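# An overview of the molecular structure
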Amino acid sequence: MTSAVKDQRAPELEGFREVQRLAYACAEAVAGRLRPGVTEREAARMQRDWLRERGVRDWFHLPFAWFGDRTAFAGFKVPLQFFPTDRRLEPGMPFILDMAPVYKGFTADIGYSGCLGLNPLHDRLLADLEDHRELILREVRERRPLREIYEDVERLMIRQGYANRHRAYPFGVIAHKVDRVVERRWAPQVFGFGTRSLKGLLSDALHGHREGWSPLWSPYRFSDHPPQPGLWAVEPHLGFRGTGAKFEEILVVTDSKDPEQSAFWLDDDLPHVRRWAEERVAA
Amino acid sequence: MSLLDLPGARERRVRTGGIELCVVELGDAARPTVVLVHGYPDSKEVWTEVAKQLAGQWHVVLYDVRGHGRSTAPKPLRGGFTLEKLTDDFLAVADAVSPDRPVHLVGHDWGSVQSWEFVTVKRTEGRIASFTSMSGPSLDHFGHWIKQRMSRPTPRRVGQLLGQGAKSWYVYMLHTPVLPELAWRGPLGKQWPRMLQRLEKVPAGDYPTSSLPDDAAHGAWLYRDNVRARLSRPRTDAYAHVPVQLITPTGDVFLSEKLYDQLEVWAPQLVRRSLDGKHWVPRTRPDRLASWIDEFVAANEAAAEDGRPVQDTVPSGAYAERFGGQLVLVTGAAGGIGRATAFAFAEAGARVVAVDRDAEGAARTAEMARLIGAPAAWGEAVDVSDEQAMEKLAEKVAAEYGVVDVLVNNAGIGLSGSFLDTTSEDWRNVLDVNLWGVIHGCRIFGRQMAERGQGGHIVNTASAAAYQPSRALPAYSTSKAAVLMLSECLRAEFADRSIGVSAICPGIVNTNITATARFAGADAAEEQRLRKRTSRLYGLRNYPPERVADAILKAVVRNQAVVPVTPEARGARLLSRLSPGALRGIARLKPPL
């Protein structure tokens, strides 16, 4: 993997790029179909159906949907609260769609923030995420320990006036490794997570434990090491009172000495990146 | 200053039903009209200050209710003051001053009681655009309120009945024949101005007018002609056909807040406001009233144009009733408790001035505050320990945004380390910000509040360290103990001026204070290590600053003196009273750093 990803057009990366694009296309299609009154469960099912129709058979995790103040994970204490509820969408409400399909053996894990109608606060949060995307890439290229980058991201959020909501994720992670998944006819899920992908993550964890790194990028001591080559699904998540916003996409880390090649975002043609570019043009 | 001395004031007389009403108009007659109706025993002059402020924006109309001020009285008096006749008067005035446009109605006390009649009867439909009510319920609603409580008397309902019954003592008195008239024309009339000054803190001046004894004597018939009839047989169709803004003074000795419990039933488009004040708010809180009336009228005018319901334009957070439109200044607002407090006030619809020596952070707080509901917010870069800069800030704020309604002196810095390691420079730094910053704030902004004479509130962020001695925080604790004592002294002095003072003692809260705190006696590397370690401990405790902000808003609403926030702060406060020796014991422990 590490040698393959040196070339940005490597066939393996193409596979990941394809599934990430597919997932974002799904998010945009479902977001376009959201109407007042739709529940989180219905939105999650719409994502699932859309991807199944296009050949997705396995998942890193099943699609999630969060509406309103659940986008800021208000009051989230136990992992069960991540699962879609019967919360209904209302005009002006922010929403987040989050899905991790496995397609032809490649995994993506994406997060899509949107809003039903106008919400200037949500726009502000989305715009402020751009600094985080730049900060993360810059510091990964500098080979700073993951834990320090995590703390810098958090500091930036606090300076912006936000709360760090990925703290609420399992182990407080901002990112986790993704990898290829062997395709089998039977792909069972446990608590919404695909067992095959979990197995991959688990073997990474075991492997990493011996070498002193972890496939989870967290604020804890086990992330006190430089970025490990591989593919990382990165998801900085801002929360501000009842509104939350995030993006999630794959960051490619290699062992190249060339800083440009040592880390790069898998794809720059994504909805949130296009949105920032459009805003800059408009300004 | 009397009404006719105001620039552009014109007086006219309107004849109706055999009497002549004295009407005064202010402001541009082409603008939408706001009609102000006075209560008992008042004349239209009760509105002078409010009218002066509204006249810049609206066509303001005031009239003396029949039998009051310079209007003539009906003959005979008995039967001349029924709500039907008062409605005729209002319609005559409205037709004279704004023949082809509905008017915005504002009523205080009996002015509000009769205005409720105006906005609930059929024949005024289309003539009224909105109604702002203060200290005067509809007699019909009141009648139903009593009936409900009489027919199903639970202990709470009986309590409410008895409470309001006791507050209405003057209503029974006014039903006795002749005596009230004699009292008003005799000693009561003479004493009344002084009583208002003493009990209600109404500022001295040309109010009440010299017509008071006659007004009060005639006005007794308002009660005699209407109260018994309406309370015993309230109308069942008394639904308001216009949007209503209800302003409830929290210290009103004549009317209980419970009277308005189910007002939404009668007034479907209702916006509630609550005001820290007594009964005569048009005299004691004119600025606040003028701004709420102005805002409500503007929202209704806008709604008439684009068809949005008025409630949507008014913030609806937990404290929006109390803080909507108020001016709040928060120091140390670039992060932590200060920023969270600024946001909480913003959500309640207050205008926010965010002050911090970090200009970028203050500007950011202001920007975000606007996004979550503050009608306006400004960031100011000022070091609170710099007296001249604070003076300049106060001048600027007063000139550009107005007098501050709520001041939150929150800016503070941390300093840890033993007494022997603390240099005099360290002491100076900590006292300059933590104590002098608060003193400057209280002195400069407190004086503005006191001079305006319309109440206000000051919140000082002290700390649980103020009453919890510790070997690790001598300078910090000393500065905070001083802030606590200063707040309590100030509270005593400012009580006379209706300015509340609260000291907040948060305890261990997850803010940036640990990341910038000084550690006396530690070199740079050691200091960095200690900062990291304390930040981590505070992070593990993870008590969010938002909850402190919530406690601050609550403290202002309830006018609490000292508010410990976190459980450890509350525990220490309790111990400091029950067993100070135990606290002294704890103070000797070395902190785990």
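For the structure, see preceding data.
The structure displayed is predicted, hence computed values, not measured ones.

## Describing the pairing of strand β2 (residues 94–103) of chain A
Residues and elements named next belong to chain A. A large share of β2 lies buried, amounting to ten of its ten residues. Across the two faces of β2 the burial is the same, with P94, I96, D98, A100 and V102 and F95, L97, M99, P101 and Y103 all buried. When strand β1 (residues 58–67) meets β2, the two strands line up antiparallel, connected through seven bridges. Bridge pairing links F64 to D98 in β2. Bridge count between β2 and strand β4 (residues 110–115): six bridges; the pairing is antiparallel. Bridge pairing links F95 to G114 in β4. Summarising the sheet, β2 and strand β3 (residues 106–107) pair through two bridges and their orientation is antiparallel. Bridging from a neighbouring strand, Y103 pairs with F106 of β3.

## Focus: the packing of aromatic side chains
Per the stated rule, a full pass over the model turns up 34 aromatic pairs over all chains. With centroids separated by 5.5 Å and ring planes inclined at 15°, the aromatic side chains of A:F64 and A:W66 adopt a geometry described as stacked. Chaining the aromatic ring pairs together yields one cluster made of B:Y40, B:W110, B:W169, B:Y170, B:W184, B:W192, B:Y223, B:F254 and B:W280. Against the face of A:W50 rests A:R54, its NZ or CZ located 3.7 Å from the ring centre. The ring of B:W292 is capped by B:R288, whose NZ or CZ atom sits 4.9 Å from the centre of that ring.

## So, the nonpolar core
Counting 106 residues, the largest nonpolar core has A:L97, A:I136, A:W217, B:F323 and B:F345 as its most contacted members. At ten residues, helix α1 (residues 11–33) of chain A tops the list of elements feeding residues into this core. Those residues in contact with A:I136 that sit more than four places away from it in its chain are A:I149, A:V153, A:I174, A:W217, A:V234, A:P236, A:L251 and A:W265. Residues B:L21, B:W47, B:W145 and B:L259 belong to the second largest nonpolar core, which totals 84 residues.

## Some remarks on a nonpolar patch on the surface
All names here are of chain A. On the surface, a cluster of nonpolar side chains totalling about 320 Å² of accessible area is made up of F171, Y220 and F222. With respect to the helices and strands, Y220 occurs in the loop between β9 (216–217) and β10 (230–234). You can call Y220 partly exposed: its relative accessible area is 39%.

## Quick word on empty space enclosed by the protein
Over the atoms rolls a probe the size of a water molecule, and its path tells where empty space is left. Residues and elements named next belong to chain B. Across all of its chains, the model carries five cavities of 30 Å³ or more by this definition. Roughly 140 Å³ of volume is contained in the largest cavity. Along its surface, the largest cavity is lined by 16 residues, and D276, Q326, D405, Q454 and G456 are the ones closest to its centre. Of all the secondary structure elements, the ones that give two or more residues to the lining of the largest cavity are α12 (286–306), α13 (320–323) and β14 (456–461). Its volume calculated, the second largest cavity comes out at about 50 Å³. Broken down by element, the lining of the second largest cavity gets its largest block of residues, three residues, from helix α4 (residues 139–151). Considering only residue class, the lining of the second largest cavity consists of seven nonpolar, two polar and no charged.

## Observations concerning the interface of chain A and chain B
How big an interface is tends to be reported as the loss of accessible area on association of its parts. On the chain B side, the residues contacting the 13 residues of chain A number twelve residues. Taking both sides of the interface into account, the surface hidden between chain A and chain B amounts to around 1,100 Å²; carbon and sulfur atoms contribute 51%. For the chain A face of the interface with chain B, the top three residues by lost area are A:R124, A:F240 and A:R241, together amounting to 48%. Counting across the interface, chain A meets chain B through three salt bridges. Put simply, A:R124 and B:E367 hold a salt bridge, and the shortest N to O gap is 2.5 Å. Within the residue set of the side of chain A that touches chain B, elements represented by two or more residues are α3 (120–141) and α4 (146–160) of chain A. A per-element tally of the side of chain A that touches chain B places α4(A) first, with five residues. Its residues assigned to classes, the side of chain A that touches chain B shows five nonpolar, two polar and six charged.

## Focus: the sheet that holds strand β17 (residues 562–564) of chain B
Residues and elements named next belong to chain B. Strand order in the open sheet made by the seven strands is β11-β10-β9-β12-β14-β15-β17, with parallel pairing throughout. Looking at strand neighbours, the two that pair on one side only are β11 (377–381) and β17, the edges of this open sheet. Between one strand axis and the next, the sheet turns by 15° as a mean value, whatever way the strands run. Of the strand pairs in this sheet, β14 and strand β15 (residues 499–505) are connected by six bridges, and their pairing is parallel. Residue pairing across strands places T461 opposite I504, the latter belonging to β15. Here helix α18 (residues 474–494) sits on the sheet and contacts β14, β15 and β17; the angle it forms with β15, its principal contact strand, is near 160°.

## Let's talk about unusual backbone geometry
The step from B:K75 to B:P76 runs through a cis peptide bond, and the omega angle for that step is -5°. Tracing the sequence through the fold places B:P76 in the loop between β4 (59–63) and α2 (83–97). Following B:Y207, the chain continues to B:P208 via a peptide bond in cis, the omega torsion being 0°. Mapped onto the elements, B:P208 comes out in the loop between α8 (187–200) and α9 (212–232). Backbone geometry at A:R143 places phi at a positive 60°, although glycine is not the residue there. Residue placement: A:R143 occurs in the loop between α3 and α4. In this structure A:R143 comes out as partly exposed when scored by relative accessible area, which is 28%. Phi at B:S498 takes a positive value of approximately 60°, unusual for a residue other than glycine. Structurally, B:S498 can be placed in the loop between α18 and β15.

## Points about the sheet that holds strand β6 (residues 175–178) of chain A
Residues and elements named next belong to chain A. Strand order in this open sheet of five strands is β9-β6-β10-β13-β14, and the pairing throughout is antiparallel. Because the sheet does not close on itself, it has two edges, and the strands there are β9 and β14 (263–265). Bridge analysis of β6 against β9 gives two bridges, and the strand direction is antiparallel. The partner of A175 across the bridge, within β9, is W217. In this fold α1 packs onto β10, β13 (249–253) and β14, with an angle of close to 165° to the strand it touches most, β13. Where α3 meets the sheet, its contacts fall on β9, β10, β13 and β14, and the angle it forms with β14 comes to roughly 160°.

## Topic: the packing of α4(B) against helix α5 (residues 155–167) of chain B
All names here are of chain B. Packing of α4 against α5 brings their axes to within 9 Å, and their N-to-C directions diverge by 135°. The angle between the axes of α4 and α5 places the two elements in the oblique class. In the packing of α4 onto α5, the handedness of the crossing is left-handed. Where α4 approaches α5, its residues F142, W145, I146, Q148, R149 and M150 are matched on the opposing element by R157, Q160, L161 and Q164.

The rules we used
- Residues numbered from 1 in each chain as written.
- Chains lettered and ligands numbered in written order.
- Predicted model: local features only at pLDDT ≥ 70, side-chain atom pairs only at ≥ 80, totals over all residues.
- Heavy atoms only, no water.
- Buried < 20%, exposed > 50% of the residue type's maximum accessible area, 1.4 Å probe, protein only.
- Helix = DSSP H or I, 4+ residues; strand = E, 2+ residues; numbered from the N terminus.
- Pairing = 2+ DSSP bridges.
- Phe/Tyr/Trp six-rings, centres within 6.5 Å; stacked < 30°, edge-to-face > 60°.
- Lys NZ or Arg CZ within 6 Å of the ring centre and 35° of its normal.
- Core = buried A, V, L, I, M, F, W, Y, C linked by side-chain atoms within 4.5 Å.
- Contact = heavy atoms within 4.5 Å.
- Patch = residues over 30% accessible without salt bridge, like charges linked within 9 Å, V, L, I, M, F, W, Y side chains within 5 Å.
- Areas by Shrake-Rupley, 256 points an atom, 1.4 Å probe, with all protein chains shown as cover.
- Salt bridge = Lys/Arg side-chain N within 4 Å of Asp/Glu carboxyl O.
- 1 Å grid on protein atoms, 1.4 Å probe; cavity = no way out; pocket = protein on both sides within 12 Å on 5 of 7 lines; lining within 4 Å.
- Points joined across faces, edges and corners; volume = space filled by probe spheres on them.
- Nonpolar A, V, L, I, M, F, W, Y, C, P; charged D, E, K, R; others polar.
- Buried area = accessible area lost by both parts, 1.4 Å probe.
- Axes fitted to C-alpha atoms, helices over the stretch in contact; angles between N-to-C directions.
- Parallel < 35°, antiparallel > 145°, perpendicular 65-115°, else oblique.
- Left-handed = near helix turned anticlockwise from the far one by under 90°.

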